[in-house]
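Residue strings, one per chain:
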Amino acid sequence: MSVLRSRPVLRWLVPATAAVAVIGGGAAVGTFAAEAEPSLPPRTAAQLLVDLQTSRLEGLSGTVVQRADLGLPPLVGLVPGNELTTMLTGTHTLRVWYSGPDQQRVALLDTLGEQDVIRNGRDLWTWQSRTNTATHRTLSGDVGAGKPAPEAAANLPATPQQAADLALGAVDPSTEVSVGRSATVAGQDAYELVLQPRDRASLVHQLRIAIDAKRHVPLRFEVLAKGSDRPAFEVAFTEVDYRRPDADQFTFNPPPGVTVTEEKAEAPTAGKPGHAGPAGDPKVRAVGSGWTTVLVARLDGPLAGGKAPAKPAAAAAGSVPDVDVSTFLGGLTAVNGDWGSGRLLTSKLFSVLLTDDGRVLAGAVTPERLHEAARS
């Protein structure tokens, strides 16, 4: 159970991950500089969890840096636009503004421009400076305070708050929770909450969440892979200001010559869960539990010989890149066992097995655990 599920204040910046998904690339600013360890009164892990639940945040603005070093094989060039690979590698810099659950803005900065995503009530705007194009959508009534926008469900977390919410959903008997070393993040003294899987088959060594000692807001989130003392993924504030931003920050003023596309408002869908997940997709099932859960999906066609499965509607609409499947599979490691044969993609934090009979198995687990799931 997520201790933050009832705390919309820590699930803010609804459209933030959409910006990361739409634009690839980012400004390389290096890793986060270490600062002296502050002296703070002792607090237990249980106290820090309560701090997160009871925090109150009226407003916030600042700079966020996201860095990913997942140890992926060289897949650049296999996906047109490289949007997927740039999301999973490199460094990205964002400016963020928050003024309550219905007013958020994120600007993803790039060496050649920026993209803004602005939510103001039910109005959701995106703008790309490179092409001077914008889109506007009126959010449906079921996207309220603390609920993610549809396009934000399946992307990387863009802020420490989003990452912390996802991570704390894993706090159960399979997780060891402890207090790490105190730190100074973006000029603020912070405690560190450490989550560690008990199951050794998980590729995750630790999740570390730096929590502002006074305001109890997550300031930094790190994921460490097994066998490494350097985060494979981290997102942190480098500057933060807790004053409520001016209302003008959430008003989109189209620049001269901008091309605006009006998207249809999405109507609420009755009887469906409010978030994406395996339970809502009959084609996806979960094997195991906790940190070593393996998701198993069956595609609409075999992958043997590089034959592409039938494209889903999203791909036909252009939102999913048209990947050269034969080239992609050829770059992966060929594997086989009593479960059959296929191709394996490995990284520091997750493994993916694509079987020749059309299954895809994925999880933050060792390849051996994927093979076990494939046998079942």
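In this text, all values refer to a predicted model and were calculated from it rather than measured experimentally.

Here we take up the overall build of the protein chain. Across its full length, the protein chain carries 7 helices and 19 strands. The burial tally for the protein chain puts 45% of its 376 residues in the buried class. If you sum the accessible surface of the protein chain, you get close to 17900 Å²; carbon and sulfur atoms cover 53% of it.

With that settled, consider the nonpolar core. The nonpolar side chains of soluble globular proteins are, as a tendency, buried together. One finds Leu60, Leu193 and Phe237 to be the most contacted residues of the largest nonpolar core, which totals 44 residues. Considering each element in turn, this core owes the most residues, 5 residues, to strand β10 (residues 204–212). By size, the runner-up hydrophobic cluster in this structure holds 11 residues, among which are Val294, Trp339, Val365 and Ala374.

What follows deals with unusual backbone geometry. Positioned with a positive phi, asparagine 132 is a non-glycine residue whose angle comes to about 50°. You can see asparagine 132 is positioned in the loop between β5 (123–128) and β6 (133–138). If you check the backbone angles, alanine 186 has positive phi at about 55° while not being a glycine. Note that alanine 186 resides in the loop between β8 (183–185) and β9 (188–197). By relative accessible area, which is 16% here, alanine 186 ends up buried.

Reading across the sheet, the 6 strands line up as β14-β15-β19-β18-β17-β16 and stay open at both edges, with antiparallel pairing between neighbours. Each end of this open sheet is capped by a strand with a single partner; those strands are β14 (284–287) and β16 (333–337). Across the sheet, the axes of successive neighbouring strands diverge by a mean angle of 25°, strand direction being ignored. Where β16 meets strand β17 (residues 340–346), 5 bridges bridge the pair, whose relative direction is antiparallel. Bridging across to β17, valine 335 finds its partner in glycine 342.

In the predicted model, the protein chain carries a mean pLDDT of 76, and the fraction of residues at 70 or more is 67%. At the low end of the mean pLDDT range in the protein chain sits helix α1 (residues 16–22), at 33; at the high end sits strand β12 (residues 233–241), at 95. For the stretch residues 76–84, pLDDT sits under 50, and the model shows 12 contacts to residues farther than four places along the chain or on other chains. Predicted confidence for residues 268–277 stays below pLDDT 50, and this span has 6 contacts to residues more than four positions away or in other chains.

A separate point is the environment of glutamine 249. Structurally, glutamine 249 is set in the loop between β12 and β13 (259–262). Distance from glutamine 249 to glutamine 103, taken between C-alpha atoms, is 9.1 Å for residues 146 residues apart in sequence. Non-local contacts of glutamine 249, meaning those with residues more than four positions away in its chain, are made with Trp97, Arg105 and Ile118.

Position of serine 347 relative to the elements: it lies in the loop between β17 and β18 (351–355). There is a polar contact of 3.3 Å between the side chain of serine 347 and the backbone nitrogen of leucine 349. Once you skip the residues sitting within four places of it in the chain, serine 347 turns out to touch Leu70, Gly71, Leu72 and Leu203.

We now examine the pattern of salt bridges. Scanning the entire structure with this criterion turns up 14 salt bridges. Ionic pairing is found between arginine 375 and aspartate 338, a salt bridge with its closest N-O pair at 3.4 Å. Highlighted residues: arginine 375 in helix α7 (residues 367–375) and aspartate 338 in the loop between β16 and β17, separated in sequence by 37 residues. Look at aspartate 338 and you get exposed, because its relative accessible area is 63%.

A few words now on α7. Residues Leu370, His371, Ala373 and Ala374 constitute the buried set of α7. In a view along the axis of α7, the buried residues occupy a sector of 160°, so they form one face of it. Buried-residue contacts for α7 involve β14, β15 (294–298), β17, β18 and β19 (359–363).

Basis of the calculations
- Residues numbered from 1 in each chain as written.
- Predicted model: local features only at pLDDT ≥ 70, side-chain atom pairs only at ≥ 80, totals over all residues.
- Heavy atoms only, no water.
- Helix = DSSP H or I, 4+ residues; strand = E, 2+ residues; numbered from the N terminus.
- Buried < 20%, exposed > 50% of the residue type's maximum accessible area, 1.4 Å probe, protein only.
- Areas by Shrake-Rupley, 256 points an atom, 1.4 Å probe, with all protein chains shown as cover.
- Core = buried A, V, L, I, M, F, W, Y, C linked by side-chain atoms within 4.5 Å.
- Pairing = 2+ DSSP bridges.
- Axes fitted to C-alpha atoms, helices over the stretch in contact; angles between N-to-C directions.
- pLDDT = per-residue confidence, 0-100.
- Contact = heavy atoms within 4.5 Å.
- Polar contact = N/O pair within 3.5 Å; in protein donor to acceptor, adjacent residues only side chain to side chain.
- Salt bridge = Lys/Arg side-chain N within 4 Å of Asp/Glu carboxyl O.
- Arc of directions from axis to C-beta.

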